2 protein chains.
Amino acid sequence: MRASSVNQIILKTLEQDQSHLTAQQIYGRIRDNLPAVNQSTVYRALERLAHAGQVSVSDMGLGAAVYEAVGGEQHHHLVCQECNQVITIDDAAIQALFNDIERQHDFQVVTNHLILFGRCSACRERMPE
Amino acid sequence: MRASSVNQIILKTLEQDQSHLTAQQIYGRIRDNLPAVNQSTVYRALERLAHAGQVSVSDMGLGAAVYEAVGGEQHHHLVCQECNQVITIDDAAIQALFNDIERQHDFQVVTNHLILFGRCSACRERMPE
DNA sequence: AATTATAATGCAATAATTTGCAGTTGCAAT
DNA sequence: ATTGCAACTGCAAATTATTGCATTATAATT
Ligand SMILES: [Zn+2]
Ligand SMILES: [Zn+2]
Ligand SMILES: [Zn+2]
Ligand SMILES: [Zn+2]
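As a starting point, this report considers the structure included with it. None of the values given here were measured: they were computed from a predicted structure.

Conventions adopted
- Residues numbered from 1 in each chain as written.
- Chains lettered and ligands numbered in written order.
- Predicted model: local features only at pLDDT ≥ 70, side-chain atom pairs only at ≥ 80, totals over all residues.
- Heavy atoms only, no water.
- Pairing = 2+ DSSP bridges.
- Helix = DSSP H or I, 4+ residues; strand = E, 2+ residues; numbered from the N terminus.
- Donors = N, O, S within 2.8 Å, 3.2 Å for Na, K, Ca; no water.
- Buried < 20%, exposed > 50% of the residue type's maximum accessible area, 1.4 Å probe, protein only.

**Observations concerning the sheet that holds strand S2 (residues 55–58) of chain A**
Residues and elements named next belong to chain A.
Move 1: Spatial ordering of the open sheet is given by S1-S3-S2, a layout of three strands whose pairing is antiparallel. Sheet topology places strand S1 (21–22) and S2 at the edges, where each strand pairs with a single neighbour.
Move 2: Bridge analysis of S1 against strand S3 (residues 66–69) gives two bridges, and the strand direction is antiparallel. In the sheet register, Thr22 faces S3, and the bridge partner there is Val66.

Now the structure itself:
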């Protein structure tokens, strides 16, 4: 992957701004600095960065995919399907599973921002079953 | 959730046809029987069925989301990002993780068709690092 | 500095998905 | 059977995402 200008700006944007930005949000912020950029360029740059492991892409149940810079400490999320609450979980348990899979299936998992959907405790109390 | 006609047809379609159909493929098959159906109705019916746990929705790295009927035996997949090979894995290890999460975070995971991306052994041999 | 190969971009067309809103239908309670 | 409510649907528009192809920028090689 080349050191293209859009790559650099996307990474800087994702590191500076809040996490979990949509492609359109990233596109908007980039246009502030680099007005001529095309949207397909942003989508393709995000795809490249995701494939290279520098950003994560996730469907968190919003309308659009969200992107996040992948730093040293990885994390994952639980998303409540009822109230949309987002819980952050650390990497340890997840990596244990990934290691198991790597041993059992000889497959190197690179998923770096896992989203699991379900129901939080409050929503289960509020509406059991 | 009501017993709407579109719900029934979608479930029948997913059970009869091959797995991992896109919304457009489902839409196409439904139109064969029920020509007047609108595509947004199909999307919303799929969303309902997914929320009810009767079908799974997954991004498997194709252009579009894929849907599958959820039967008694659940399964999950590993998808190679290089060669697009799809490996099916069984539920045991995954449910163990989900149980851990449920204990540690008091969060009931309902994800029923987990997709993990990575690199298969052949691709790692072919292009190490 | 010129050449070359490949990655990255712009542009426009297309595809996939979501949404607002008005109207319809299924279902339960009178 | 009638009523009433909420779920479901159709339609059109908007949003989100992907793709083909010609052009440009980057980095390595000569
Ligand atoms: Zn995150
Ligand atoms: Zn909740
Ligand atoms: Zn499957
Ligand atoms: Zn592979």
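**So, the coordination of the zinc ion (ligand 2)**
Residues and elements named next belong to chain A.
Move 1: Around the zinc ion (ligand 2), the donor atoms from the protein are Cys80 (SG), Cys83 (SG), Cys120 (SG) and Cys123 (SG), and they sit 2.2 to 2.3 Å away.
Move 2: Spacing between the donor residues of the zinc ion (ligand 2) along the chain follows C-x2-C-x36-C-x2-C. Note that Cys80 is positioned in strand S4 (residues 75–80) and Cys120 in the loop between strand S7 (115–119) and helix H5 (121–126), a separation of 40 residues in sequence.
Move 3: Look at Cys80 and you get buried, because its relative accessible area is 0%.
Move 4: By relative accessible area, Cys120 is classed as buried at 4%.

**Comments concerning the pairing of strand S5 (residues 86–90) of chain B**
All names here are of chain B.
Move 1: The alternating pattern of S5 places Ile87 and Ile89 on a buried face and Val86, Thr88 and Asp90 on a face that is not buried.
Move 2: Sheet topology places strand S4 (residues 75–80) next to S5; five bridges connect them, and they run antiparallel. Along S5, the bridge assignment pairs His75 with Asp90.
Move 3: Connecting S4 to the next strand, S5, in antiparallel fashion are five residues, including Asn84 with a positive phi near 65°.

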